[in-house]
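Examining the three-dimensional arrangement
Here is what each chain is made of, one letter per residue.
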Amino acid sequence: MYSMVAGTILTTSCSEKKDIPKPEEKDPVVVVDDQELIKLPADWLKSSSLTNGFPKGIEVYRRTNAYNNKSMNAYCVVFDPKVSDFEFKPILPSKNRKVSELYAEESGTKYVCLNGGFFGTNASYSLVMFNGSILAPNIRSLNRVYNSVSTAYYPTRGAFGVFSDGTSDVSWVYNVGAGNGVLYSYTVPAANALNNAPASQPGQNSPAGAKLWNAVHAIGGSPVLIKDNQINITDKEELIEIDNSSSRARSAIGYTASGKIILLAVEGNNSSGGTGLNLVELAGMMKEMGCAGALNLDGGGSTTLFVNGQQTVKPSDAAGERPVMSAIIIKKR
């Protein structure tokens, strides 16, 4: 992640006798090493046509080979957040909008737009944070039945954050205090589970490892897929057990050990394209791609990825692209 990959210049020359000049001697041959940002599994092929006109430091790959014997059509975007020309911009529209609309309406030079976290009608249920300002918090409470009674629970849901130095983190977070509150992260999620009494409301001292989370930009989702280089799917603790064992379209975001950020969109519910993945497979795919931390975003009909103005995966809703309530834009700063 630490810098844009630069070409390595190799110079070749031919030995010659000093007393036999070459009248048509040419300049030395220069070979540029176009090293890729990331080494992905061989099933991922670079899609150069989608990045026509893009600067160095951002790449797009496509996978059509099967995964776990499931037909596949998936795209990933890899970029280096330490390249100063790139801006990682989570956005919150005033109402539900299609990703294609959000991409088109964004000013300046934009490269990528991926759907964000969970939402309802004109309301985000997942964190949206840009330039240190919390535009929407992760959902703070929700009700589940406990002892036959509708009971409030306070989940610490996942978030992906980018810090001022360009490093990234995936953590369980909670907005503590009035209004949008102050954002805290924890080393473990709040110990919630269906049919169990709710854990205490998260605060400045609990769950374990509570600390201020000083991300500059962040997007929320659920559940965490990979934490500290280990697959750790915390859907039960985050109270987000929804179609997790089903093959469906998936969106995810992660970062590698070298600091590159990966945006992933997996097509689902398409008999002639991609059938989708379950959460365990999604986490496995992100781990195989080199992610040290990864977060599930809203999937199914919400999964939409636009690159260079072009739609990639086919929407899984019969009606086409679904309006969403948050998105991630990668653009020129």
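What comes next concerns the included structure. Every value quoted in this text rests on a predicted model; they were computed, and no experiment measured them.

**Examining the pattern of salt bridges**
- Counted under the stated rule, the structure contains 11 salt bridges.
- In this structure, Arg97 engages Glu101 in a salt bridge whose closest nitrogen and oxygen atoms are separated by 3.0 Å.
- With relative accessibility at 30%, the residue Glu101 sits in the partly exposed group.
- The closest approach of N and O atoms between Asp317 and Arg322, which form a salt bridge, is 3.0 Å.
- One salt-bridge network, in which partners are shared between bridges, spans Glu36, Lys46 and Glu59.

**Thoughts on unusual backbone geometry**
- For the bond running from Ser206 to Pro207, omega is 0°, close enough to zero to count as cis.
- Tracing the backbone through its elements, the reader meets Pro207 in the loop between strand S16 (182–186) and strand S17 (211–212).
- Between Ser222 and the following residue, Pro223, the backbone shows a cis peptide bond with an omega angle of -5°.
- Mapped onto the fold, Pro223 is located in the loop between strand S18 (217–220) and strand S19 (224–227).
- Although it is not a glycine, Asn122 sits at a positive phi angle of roughly 55°.
- The exposure class assigned to Asn122 is partly exposed, which follows from its relative accessible area of 44%.
- Non-glycine residue Asn131 carries a positive phi angle of around 55°.
- Relative to the assigned elements, Asn131 resides in the loop between strand S10 (128–130) and strand S11 (133–136).
- On the basis of relative accessible area, Asn131 is assigned to the exposed category, the value being 52%.

**As for the environment of Val307**
- Turning to its location among the elements, Val307 is positioned in strand S24 (residues 305–307).
- According to the relative accessible area criterion, Val307 is buried, its value standing at 0%.
- Sequence spacing of Val307 and Tyr75 is 232 residues, and the spatial spacing of their C-alpha atoms is 9.7 Å.
- Beyond its immediate sequence surroundings of up to four residues, Val307 is in contact with Leu50, Phe54, Val60, Val77, Tyr111, Val112 and Thr312.

**Side note on helix H2 (residues 279–288)**
- Summarising burial for H2: 7 of the 10 residues are buried, a large majority.
- What H2 keeps buried is the set Leu279, Glu281, Leu282, Ala283, Gly284, Met285 and Met286.
- Contacts from the buried residues of H2 go to strand S4 (58–63), S19, strand S20 (230–231), strand S21 (250–256), strand S22 (261–266) and strand S23 (291–296).
- Just downstream of H2, Gly290 is the residue with a positive phi angle, here 105°.

**Quick notes on the environment of Leu279**
- Topologically, Leu279 is positioned in helix H2.
- Spatially, the C-alpha atom of Leu279 lies 8.7 Å from that of Asp243, the residues being 36 residues apart in sequence.
- Each residue touching Leu279, except ones within four places of it in the same chain, is listed here: Pro223, Leu225, Ile233, Asn244, Arg250 and Asn296.

Here is what the cut-offs are and how they apply
Residues numbered from 1 in each chain as written. Predicted model: local features only at pLDDT ≥ 70, side-chain atom pairs only at ≥ 80, totals over all residues. Heavy atoms only, no water. Salt bridge = Lys/Arg side-chain N within 4 Å of Asp/Glu carboxyl O. Buried < 20%, exposed > 50% of the residue type's maximum accessible area, 1.4 Å probe, protein only. Helix = DSSP H or I, 4+ residues; strand = E, 2+ residues; numbered from the N terminus. Contact = heavy atoms within 4.5 Å.

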